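Below, each chain spelled out in residue letters.
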Amino acid sequence: MTKTYAALLRGINVSGRRKVPMAELRELLEGLGHGGVRTYLQSGNAVFTTDSGASEGALTTELEDAIESRFGFRVDCIVRDGDYLAAVAEACPFPAAELEGKQLHAVYYSGPAEPERFAAIDREAYAPEDFALGDRVLYLHTPGGLGTSKLGEAVSRPSVVKGLVVTARNWNTVVKLVEMTRED
């Protein structure tokens, strides 16, 4: 059975470093035997289909290894299927439709993000910024945007995310990836 996935690459094409051109990423994914390959923006978002039956973890490792082989550096990736992405969007506890895309982010984790990781964060001290946990995702509401967010810094400290691959997408990208994984 063919399934549609999104690959979220972390930390590429930032300030001219760790360049992964999207055309080459598409070629790489096609070379791995995936179909319907499309990319979104230059920040490492790709959608593809596969009937391999491989797990998200296996697809992630395959992609990370292929990127390292092709570009000479390792890039952390998170691969999630379209149903998961849609469930994340639907479960958002913040009024997404009323906010600008830059005010709301989905911070995706490679594994479960237990509430204990965030227990030391004094949420009141960061108001009106706030966050909520979901299934391998943290919803981050930053009224002033992520670039100036103190809460964004707090929830991404190494002591909080230790052992996890973490990558964030603004809500516009979250919605677009849901749309792209539904088009097939």
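Small disclaimer: the values here were computed from a predicted structure and weren't measured.

Student: Kindly report on the overall build of the chain, identifying the contributing residues and their values.
Tutor: Helices and strands together make up the secondary structure of the chain, namely six helices and eight strands. Going from the N terminus to the C terminus, the chain shows its helices and strands as β-α-β-β-α-β-α-β-β-β-α-α-β-α. What you see for the chain is a C-alpha radius of gyration of 16 Å, in line with the 16 Å of a compact globule of 184 residues. C-alpha atoms of the chain, sized along the principal axes, occupy 50 × 30 × 30 Å. Classification of the 184 residues of the chain by burial places 47% in the buried group. Residue pairs at least 24 apart in sequence account for 70% of intrachain contacts in the chain once pairs closer than 6 positions are excluded. Accessible surface for the chain amounts to roughly 9000 Å². Of this, 49% is attributable to carbon and sulfur atoms.

Student: Any chance you could break down the pattern of salt bridges for me, citing the residues and the numbers?
Tutor: Pairing between side chains of opposite charge can happen when the charged atoms of each approach one another. A full pass over the atoms with the stated rule returns 12 salt bridges. The shortest N-O distance in the salt bridge between Glu56 and Arg80 comes to 3.3 Å. Linking Glu56 in helix 2 (residues 56–71) with Arg80 in strand 4 (residues 77–81), this pair joins segments that are 24 residues apart in sequence. When sorted by exposure, Glu56 lands in the same class as Arg80, which is buried. Residue Arg136 pairs with Asp135 through a salt bridge whose shortest N-O separation is 3.3 Å.

Student: Can you tell me about the sheet that holds strand 1 (residues 3–9), naming the residues and giving the values?
Tutor: Pairing is antiparallel in the open sheet, where four strands are placed in the order 2-3-1-4. Across the chains shown, the open sheet's two edge strands, defined by having one partner strand only, are strand 2 (35–40) and strand 4. Sheet twist, expressed as the mean angle between neighbouring strand axes with direction ignored, is 20 degrees. Bridging between strand 1 and strand 3 (residues 45–50) involves six bridges; their strand directions are antiparallel. Bridged to Lys3 within strand 3 is Thr50.

Student: Describe the pairing of strand 7 (residues 137–141), listing the residues and the values that go with them.
Tutor: Buried residues dominate strand 7, accounting for five of its five residues. Side chains Val137, Tyr139 and His141 project from strand 7 onto one buried face, and the interleaved Leu138 and Leu140 project onto a second face that is buried too. In this sheet, strand 7 lies alongside strand 5 (residues 104–109) in antiparallel orientation, the contact comprising five bridges. Each bridged residue has a counterpart across the sheet, and for His105 the counterpart in strand 7 is Leu140. Counting the residues between successive antiparallel strands, the hairpin from strand 6 (residues 130–134) to strand 7 contains two residues, one of them, Arg136, with a positive phi of roughly 60 degrees.

Definitions and limits used
Residues numbered from 1 in each chain as written. Predicted model: local features only at pLDDT ≥ 70, side-chain atom pairs only at ≥ 80, totals over all residues. Heavy atoms only, no water. Helix = DSSP H or I, 4+ residues; strand = E, 2+ residues; numbered from the N terminus. Rg over C-alpha atoms; globule rule 2.2 N^0.38 Å. Buried < 20%, exposed > 50% of the residue type's maximum accessible area, 1.4 Å probe, protein only. Contact = heavy atoms within 4.5 Å. Areas by Shrake-Rupley, 256 points an atom, 1.4 Å probe, with all protein chains shown as cover. Salt bridge = Lys/Arg side-chain N within 4 Å of Asp/Glu carboxyl O. Pairing = 2+ DSSP bridges. Axes fitted to C-alpha atoms, helices over the stretch in contact; angles between N-to-C directions.

It is worth stressing that arrangement in space is one thing and function is another; only the former is reported here.
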